Amino acid sequence: MLAGPTTSPGGQREQEASKPPAGERPLLVVATDLYRPHDDPDDHWDLATAYALAQQNLVELLAVLIDYPRPDSLKDPDIEAVAQLNYLTGLLVPVLVGSGRPFKEWRENPSDSRALWGVQALLELMRNAPRPVVISVAGTCRNIAMAAHLDGETFRKKCAGVYVNAGTSRPLTENAPLEWNVTLDLEAYQAMFALPCPVYWMPCFEDVRRFEVSEYATYYRFRQGEVLPELSAGLRNFFAHVFRRELSGQHASLGWLQALLAPEDPELVARMNTMDRNMWCTAGFLHAAGISVDGEGQLQPLQETAHPVFKFEKIRVIDRQSGHIRWVTDEAAADRYIFRVLNKERYGYAMTQALKRLLRTIS
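As the structure is a computational prediction, the values presented were derived from the model and not from experiment. (Residues numbered from 1 in each chain as written. Predicted model: local features only at pLDDT ≥ 70, side-chain atom pairs only at ≥ 80, totals over all residues. Heavy atoms only, no water.)

Student: Which parts of the structure should I look at to understand the sheet that holds strand β1 (residues 27-32)?
Tutor: Strand pairs in the sheet, formed through backbone hydrogen bonds, run parallel or antiparallel to each other. The nine strands lie next to each other as β5-β3-β1-β6-β7-β8-β15-β13-β14, forming an open sheet whose pairing is mixed. Because the sheet does not close on itself, it has two edges, and the strands there are β5 (95-97) and β14 (326-329). Adjacent strand axes in the sheet meet at a mean angle of 30 degrees, parallel and antiparallel pairs treated alike. As defined by bridge partners, β1 adjoins strand β6 (residues 133-138) across six bridges and the pair is classed as parallel. If you follow valine 30 over to β6, its bridge partner there is serine 136. Sheet contacts for helix α4 (residues 117-128): β1, β3 (60-66), β5, β6 and β7 (159-165); angle to β5, the most-contacted strand, approximately 135 degrees. (Pairing = 2+ DSSP bridges. Helix = DSSP H or I, 4+ residues; strand = E, 2+ residues; numbered from the N terminus. Axes fitted to C-alpha atoms, helices over the stretch in contact; angles between N-to-C directions. Contact = heavy atoms within 4.5 Å.)

Student: Please explain the state of the cysteines as it appears in this structure.
Tutor: Put plainly, a disulfide is one covalent bond tying together the sulfur atoms of two cysteines. Per the stated rule, a full pass over the model turns up zero disulfides. No disulfide involves cysteine 141; its sulfur sits 9.7 Å from that of cysteine 204, the nearest cysteine. On the basis of relative accessibility, which here comes to 2%, the residue cysteine 141 falls in the buried class. With no disulfide partner, cysteine 281 has as its closest neighbouring cysteine sulfur the one in cysteine 204, 6.7 Å distant. A relative accessible area of 4% places cysteine 281 in the buried class. (Disulfide = S-S within 2.5 Å. Buried < 20%, exposed > 50% of the residue type's maximum accessible area, 1.4 Å probe, protein only.)

Student: Help me out: how do you make sense of the packing of aromatic side chains in this one?
Tutor: Two aromatic rings, taken as a pair, are described by how far apart their centres are and by the angle between their planes. Applying the stated criterion to the full structure yields 23 aromatic pairs. On the basis of an interplanar angle of 85 degrees and a centroid distance of 5.5 Å, the ring pair of tyrosine 189 and phenylalanine 193 is categorised as edge-to-face. On the basis of relative accessibility, which here comes to 0%, the residue tyrosine 189 falls in the buried class. Here phenylalanine 193 falls in the buried class, since its relative accessible area comes to 7%. Here the aromatic rings of tyrosine 219 and tryptophan 280 are separated by 5.8 Å at their centres, their planes lie at 50 degrees, and the arrangement is tilted. Here the residue tyrosine 219 occupies a position in the loop between β8 (199-201) and β9 (220-223), and tryptophan 280 occupies one in the loop between β10 (276-279) and α12 (282-288), the gap between them amounting to 61 residues. (Phe/Tyr/Trp six-rings, centres within 6.5 Å; stacked < 30°, edge-to-face > 60°.)

Student: Would you explain the nonpolar core in this entry?
Tutor: Soluble globular proteins tend to pack their nonpolar side chains together in the buried interior. Core analysis: the biggest nonpolar cluster contains 72 residues, and Trp45, Leu53, Leu235, Phe238, Phe239, Val293 and Met351 have the highest contact counts within it. With eight residues, helix α1 (residues 42-55) is the single largest residue contributor to this core. Residues within four places of valine 293 in sequence aside, it is in contact with Leu286, Gln298, Leu299, Thr305, His307, Pro308, Val309, Phe310, Ala350, Met351 and Ala354. Counting 45 residues, the second-largest nonpolar core is a separate cluster that includes Leu96, Leu125, Val133 and Cys141. (Core = buried A, V, L, I, M, F, W, Y, C linked by side-chain atoms within 4.5 Å.)

Student: In this structure, what is going on with the packing of α4 against helix α5 (residues 142-150)? I would like to understand it.
Tutor: Packed helices, taken two at a time, are described by the angle their axes make and the gap between the axes. Across the interface, α4 lies against α5 with an axial gap of 9 Å and an inter-helix angle of 60 degrees. Two packed elements cross with a definite hand, and for α4 against α5 that hand is right-handed. In this structure, α4 contributes Val119, Gln120, Leu122 and Leu123 to the contact, and α5 contributes Asn143, Ile144, Met146, Ala147 and Leu150. (Left-handed = near helix turned anticlockwise from the far one by under 90°.)

Right, here's the structure in full:
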């Protein structure tokens, strides 16, 4: 593994003010729609990725901010998953729970202080941080929009960058369907592009109807059997705890710790291996840690990767008044970036290999 990052969000020339001093790990908050039962198991793969980076001292994981469940769901924030990864890695990462009120509704009638507890905790964490904080958003943008609306000055001074895993970059038509994370809170998503800090936009698709590797989209897919056999038994049990109800029809009768320590269920693992996993967020976590990936899936410092499979390039946002952001590339733009795949033929393979190499470090 790498000894440590050489750059981080803010590493570009015009962002030197928010770049951590050399040798200091980026501070990371993961904002996620991590539920049990899950919405999409990619959230648990992403969480494990963040923990692996933290265990390797490539980032310092400050908190996991979990979205408030939707009113129509019977789900809970998956604090068990955080407890399990804390146990496997020896880290002590706290959980915050976000607001259940839509951003526009709250902004027009800012009552109910309980709705802001997680948001206020995030702001306090940022204010007390010794250096600017990186935030990865995969799920609703609501809590980050609320926090910036409450205290824009803290975001100006103490946010090194927000990675926005949401949206479509090149919809085929103006009335194309919106990407899922955008639909969770449209006004909050639009507000991301007005944040007073660097924004790294990671569109999930070019068009939501096309599940394929695209130039301006983060999507890739792998078969879980390509990765799971090389992980530790404890981490395989972590994923088995996610899938147990879905694949075996059994309720999770074991508590979170006993599930980690129990003997593996070979039949369950075999069924997990046959599942394909859609992924979107991996590259953002790596970039936040100052890492890039070459065509063979090797993890390398950003400035030392000769042939990276992805990059972020500068953009100017033209219009953010709909669920489809209009943008153009612009080298003179400041603080706004879009994810771009540089090698579509190797991207999916490379990201899968990089993910496997990283997760193998969790015992």
